Amino acid sequence: MKLYSTNNKNNIVDLRKAVLNSLAEDKGLYMPLDIPMLNDSFLTHLPQYSFQEIAFTICTNLFKDYIPANDLMEIINRSMTFAAPVVNITDKIATLELFHGPSLAFKDFGARFMAQLMSYFNKENNNEITILVATSGDTGGAVASGFYEAEGINVVILYPSGKVSDIQEKQLTTLGKNITACEIDGNFDDCQRIVKTAFLDQDLNQRFNLSSANSINIARLIPQSFYYFEAYKQKRTDDNLVFAVPSGNFGNLTAGLLAKKMGLAIHKYIAATNINKVVPDYLDTGEYLPIHSKETIANAMDVGNPSNFVRMQELYSTLESMRENISGYWYDDNAIKDCMRKVFKDYSYILDPHGAIGFMAAQSFLENNNAEVIFLETAHPCKFIEDVENSISTKVNLPDSIQQLLEKEKVSIKLNNNFQSFKSFLLSKY
Ligand SMILES: *Cc1c(COP(=O)(O)O)cnc(C)c1O
């Protein structure tokens with residue numbers, strides 16, 4: 001599989017390099033040079049295939065002979081260890097539940113697949129990879145569990161002390177082995193600054209083979225296309241199928257667009273956002289105007305300049321073609337809370353704030369269109385328990401896995417808020 005940089009179509013690399021580097025040297029994002037259509041018989045017989053078989057067929061089609069079938073199967077079996085069920089809510093609206101992985105958010109799909117691919121591609125190197133990640137909460141949990149025990153890879157996660165939820169902190173600090181959690185006496189921006197400085201530091205680069213587990217890595221995008229096929233399998237009517245995608249950096253939506261390019265018969269995608277609505281605004285006005293992100297209760301989507309927008313433009317180079325394929329809707333916090341309350345009251349379904357945005361977008365779309373809509377539920381409601389419980393006036397049950405997690409002992413390295421303490425720690429640890 002060959003990929004090009006969105007900053008220069010002539011900058012072409014193979015999959016291995018794209019996965020190990022995340023970002024192109026020219027700072028562009030990698031895009032597949034060729035997105036081949038899947039064969040008709042596969043597409044018309046989707047229900048005959050298991051989720052893993054779907055993933056295998058897609059990867060074989062994309063990677064061709066690049067990774068031997070046996071190795072590919074192993075990568076898929078190791079990373080795809082949980083289901084993505086579709087649950088009906090109304091006769092026209094269903095949800096694709098993407099929160100059945102270990103960190104209870106859809107990011108598990110991308111993080112686990114990326115971990116397996118990186119580990120596979122690094123096998124020929126004797127050099128261990130050290131991944132540095134700064135997290136404000138959610139990404140860290142998915143990366144920690146995704147890379148847990150990944151061969152030849154160590155992960156160091158920096159998180160702001162006292163600024164992540166209990167569940168999130170335990171997800172970072174209870175695994176051990178190749179996962180180390182550094183608790184920084186500062187905020188998320190401080191953690192990010194330390195990681196950025198580390199990537200530029202000569203001593204550290206000499207000593208370590210540093211890498212990132214960035215959300216823009218193509219290895220996180222590819223597996224996110226699998227579940228659109230899995231959802232399509234469970235289509236209920238002959239109506240057009242539309243996906244409503246709660247979006248922040250637009251990785252999930254871009255993965256959906258890839259699925260369509262591969263031949264999946266999706267009528268339309270809905271870009272559903274909170275008040276950080278630069279993409280819905282773009283679809284409305286034709287002007288792309290990045291903003292400083294604003295805080296909302298759907299905070300995993302508080303993004304003012306979505307990194308995958310350039311990839312969306314690669315797929316649909318004109319405003320017109322993008323409008324044909326994507327509609328935009330956005331909602332504020334009050335609407336989100338109201339939606340969580342109503343959906344619980346009317347359908348006994350507990351949404352999380354991000355999923356609520358997807359549900360509302362589905363409703364808005366159906367006001368003027370006839371379709372079957374599946375929206376993505378991107379996180380389990382217990383990850384945002386306060387806002388959810390306040391909205392529905394009912395307790396949210398914690399899954400067993402989370403109850404067990406909360407009983408585990410936290411192990412973190414407490415560090416001052418400066419680069420030097422982090423550097424000294426890293427040099428002394430490995
Ligand atoms: C990351 C995240 C999103 C946003 O996904 P993008 O692919 O960045 O658009 C939405 N919901 C939850 C719960 C997330 O963690």
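Student: Can you help me understand the sheet that holds strand E7 (residues 153-160) in this one?
Tutor: The pairing of strands in a sheet happens through backbone hydrogen bonds and is either parallel or antiparallel. Reading across from one edge, E9-E6-E7-E8-E14 is the order of the 5 strands in this open sheet, with parallel pairing throughout. With partners counted over all chains shown, the strands left at the sheet margins are strand E9 (209-211) and strand E14 (413-415), one partner each. The sheet shows a mean angle of 25° between the axes of neighbouring strands, taken without regard to direction. Two strands pair when backbone bridges link them, and strand E6 (residues 129-134) and E9 are joined in this way by 3 bridges, in the parallel orientation.

Student: Is there a simple way to explain the packing of aromatic side chains in this structure?
Tutor: Aromatic ring pairs are defined here through the distance separating the ring centres and the angle between the ring planes. Considering all chains together, one arrives at 17 aromatic pairs under this definition. Judged by centre distance (6.4 Å) and plane angle (65°), the ring pair of Tyr66 and Phe121 falls under edge-to-face. Of this pair, Tyr66 sits in the loop between helix H3 (51-63) and helix H4 (69-79) while Phe121 is found in helix H5 (residues 107-121), placing the two residues 55 residues apart along the sequence. Here Phe121 falls in the buried class, since its relative accessible area comes to 3%. Each residue in the set Phe51, Phe82, Phe109, Tyr227, Tyr228, Phe243 and Tyr269 is aromatic and connected to the rest through ring pairs, giving one cluster. Sitting above the plane of the Tyr4 ring, Lys9 keeps its charged end 4.7 Å from the centroid. In this structure, Lys277 packs its charged tip against the face of Trp330, placed 4.9 Å from the ring centre.

Student: Would you mind showing me how to read helix H11 (residues 251-261) here?
Tutor: Three- or four-residue spacings in an α-helix give side chains the same orientation, since the helix completes a turn every 3.6 residues. Here H11 lies mainly inside the structure; 9 of its 11 residues are buried. Residues Gly251, Asn252, Leu253, Thr254, Ala255, Gly256, Leu257, Leu258 and Ala259 constitute the buried set of H11. Buried residues belonging to H11 abut helix H10 (218-232), strand E10 (241-246), strand E11 (268-273), helix H13 (309-315), strand E12 (326-330) and strand E13 (372-377). Once H11 ends, the next one or two residues include Gly263, with phi positive near 115°.

Student: Please clarify how the nonpolar core should be interpreted in this entry.
Tutor: The nonpolar side chains of a soluble globular protein tend to be buried, and buried together. With 94 residues, the main nonpolar core has Phe147, Tyr227, Tyr228, Phe229 and Phe243 as its most contacted residues. Considering each element in turn, this core owes the most residues, 9 residues, to H10. Among residues more than four places away in sequence, those in contact with Phe147 are Ala111, Met114, Ala115, Met118, Ile131, Ile153, Val155, Asn178, Ile179 and Ala213. Ile89, Ile167, Ile357 and Phe365 belong to the second largest nonpolar core, which has 39 residues in total.

Student: Is there a simple way to think about the side chain of Ser211 in this case?
Tutor: Among the secondary structure elements, Ser211 is positioned in strand E9. A relative accessible area of 6% means that Ser211 is categorised as buried. If near-sequence neighbours (up to four positions away) are discounted, Ser211 is found in contact with Leu20, Met118, Ile129, Thr130, Ile131, Leu132 and Phe199.

Student: Explain the pattern of salt bridges to me, please; I cannot follow it from the model alone.
Tutor: Should the charged atoms of two oppositely charged side chains come close, the side chains can pair. Counted according to the given criterion, the structure contains 17 salt bridges. One salt bridge connects Lys423 with Asp201, and the closest N-O pair in it is separated by 3.2 Å. One end of the pair, Lys423, is in helix H19 (residues 419-429); the other, Asp201, is in the loop between helix H8 (188-200) and helix H9 (202-207), and 222 residues separate them in sequence. The pair formed by Lys423 and Asp201 is uniform in burial state, with each residue classed as buried. Residue Lys233 pairs with Glu230 through a salt bridge whose shortest N-O separation is 3.0 Å. Judged by relative accessible area, which is 9%, Glu230 ranks as buried. Linked through salt bridges whose partners overlap, the residues forming this network are Glu169, Glu183 and Lys410.

Conventions and cut-offs
Residues numbered from 1 in each chain as written. Predicted model: local features only at pLDDT ≥ 70, side-chain atom pairs only at ≥ 80, totals over all residues. Heavy atoms only, no water. Pairing = 2+ DSSP bridges. Helix = DSSP H or I, 4+ residues; strand = E, 2+ residues; numbered from the N terminus. Axes fitted to C-alpha atoms, helices over the stretch in contact; angles between N-to-C directions. Phe/Tyr/Trp six-rings, centres within 6.5 Å; stacked < 30°, edge-to-face > 60°. Buried < 20%, exposed > 50% of the residue type's maximum accessible area, 1.4 Å probe, protein only. Lys NZ or Arg CZ within 6 Å of the ring centre and 35° of its normal. Contact = heavy atoms within 4.5 Å. Core = buried A, V, L, I, M, F, W, Y, C linked by side-chain atoms within 4.5 Å. Salt bridge = Lys/Arg side-chain N within 4 Å of Asp/Glu carboxyl O.

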